[in-house]
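Structure at a glance
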Amino acid sequence: QESVRPWIGINIGDHERGVLIKSAIDGTPGARAGFKKGDIVLSIDGKKVTTPAELIKVVRAKGVGFEVKIQYLNSKKKKSETTLELEAMPGLTELAKKNLLNKSAPAIIGKALAGNDKKDYNLAKDKKVKIIEFWATWCAACMQAHPFMNEFAKANQKNISVLSISSEEVVKVKKYLKMAKKKNILSGSVIFINDKSEDITASYFVPALPTFIVLNKNNIVKHITVGVGSNLLEVFALAKKLTRKSF
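These notes cover the structure that comes with them. Here the structure is a predicted model, which means the values were calculated and not measured. (Residues numbered from 1 in each chain as written. Predicted model: local features only at pLDDT ≥ 70, side-chain atom pairs only at ≥ 80, totals over all residues. Heavy atoms only, no water.)

Along the backbone of the protein there are seven helices and 15 strands. Relative to its length of 247 residues, the protein is compact, with a C-alpha radius of gyration of 19 Å against a globular reference of 18 Å. Expressed along its principal axes, the backbone C-alpha trace of the protein runs to roughly 55 × 35 × 35 Å. Taken across its 247 residues, the protein has 47% of its residues classed as buried. The contacts of the protein with a sequence gap of at least 6 include a subset with a gap of at least 24, amounting to 64%. Carbon and sulfur atoms form 51% of the exposed surface of the protein, whose accessible area is close to 13200 Å². The average position of the 42 basic charges and that of the 23 acidic charges among the side chains of the protein differ by 7 Å. (Helix = DSSP H or I, 4+ residues; strand = E, 2+ residues; numbered from the N terminus. Rg over C-alpha atoms; globule rule 2.2 N^0.38 Å. Buried < 20%, exposed > 50% of the residue type's maximum accessible area, 1.4 Å probe, protein only. Contact = heavy atoms within 4.5 Å. Areas by Shrake-Rupley, 256 points an atom, 1.4 Å probe, with all protein chains shown as cover. Lys, Arg positive; Asp, Glu negative; His and termini not counted. Charge placed at Lys NZ, Arg CZ, Asp CG, Glu CD.)

We now examine the packing of aromatic side chains. Inspection of the entire model under this criterion finds five aromatic pairs. Between W135 and Y176 the ring centres are 5.2 Å apart and the planes differ by 50°, which places this aromatic pair in the tilted class. One end of the pair, W135, is in the loop between β11 (129-134) and α4 (140-155); the other, Y176, is in helix α5 (residues 170-182), and 41 residues separate them in sequence. Taken as a pair, W135 and Y176 share a single burial class, namely buried. Ring pairs connect the aromatic residues W135, Y176 and F192, which therefore count as one cluster. (Phe/Tyr/Trp six-rings, centres within 6.5 Å; stacked < 30°, edge-to-face > 60°.)

So, on to the state of the cysteines. Enumeration over the complete set of coordinates arrives at one disulfide. A sulfur-sulfur distance of 2.3 Å marks the disulfide that ties C139 to C142. Looking down the S-S bond of the C139 and C142 bridge, the torsion is 85°, so its handedness is right-handed. C139 gets classed as buried once you look at its relative accessible area, which sits at 4%. A relative accessible area of 0% means that C142 is categorised as buried. (Disulfide = S-S within 2.5 Å.)

Next up on the list: unusual backbone geometry. The omega angle of the peptide bond from L209 to P210 is -10°, so this bond is cis rather than trans. Not every positive phi belongs to a glycine, and K77 is a case in point at roughly 65°. For K77, the position within the fold is in the loop between β6 (67-73) and β7 (79-85). The residue N102 is not glycine, and still its phi comes out positive at about 65°. Within the fold, N102 resides in the loop between α3 (94-100) and β9 (109-114).

Structure representation (structure tokens):
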């Protein structure tokens, strides 16, 4: 069995000066330490970290329950230091389910890159059942899902909206959409929305790609899963069931 993995509870990215904190997840050591979007981690226990991979490697080498001293630049670029205790990393969907299941879904507002006639999309105004996919062009499983999502969206567009959200650069997503349309993988039935700021992705506690989330007509989160295959079939079945019920 795999040992329990320690974590800080922050979404991270690249930065020329260290490791960028994109967000701190509520209820985690990172949030309690006061990390904010825009902070930059410089070192952990005196060991310099310059990439997300390096930070993850250092944290995993410490173990659950250990205290670590983190030096970072805050959003005002002032050097700061904090000490926190590492906790066990929850399961892939555990955190998302704890924070979202059977609760009102976080807002989704953005211009559609495809679908919805390329107009602005606002979740609050959509009265259909919704399937939301979080994906990326580098995610092979996401690519495998898109033909099935397209066919499902086309067959059920009267009662179900299918959304696909990526935080990649717009130009990269548009290039993929152009290719997918040319190869008849997509036909405009799925609504593609860009989340470059990653605010939407963070608010849905996306644990891995692809993540699928099902909302009822009242935008209450009813299901969260990761991966394709039987998981995607379950998503489709539940969405169709929700069109016939108001729970």
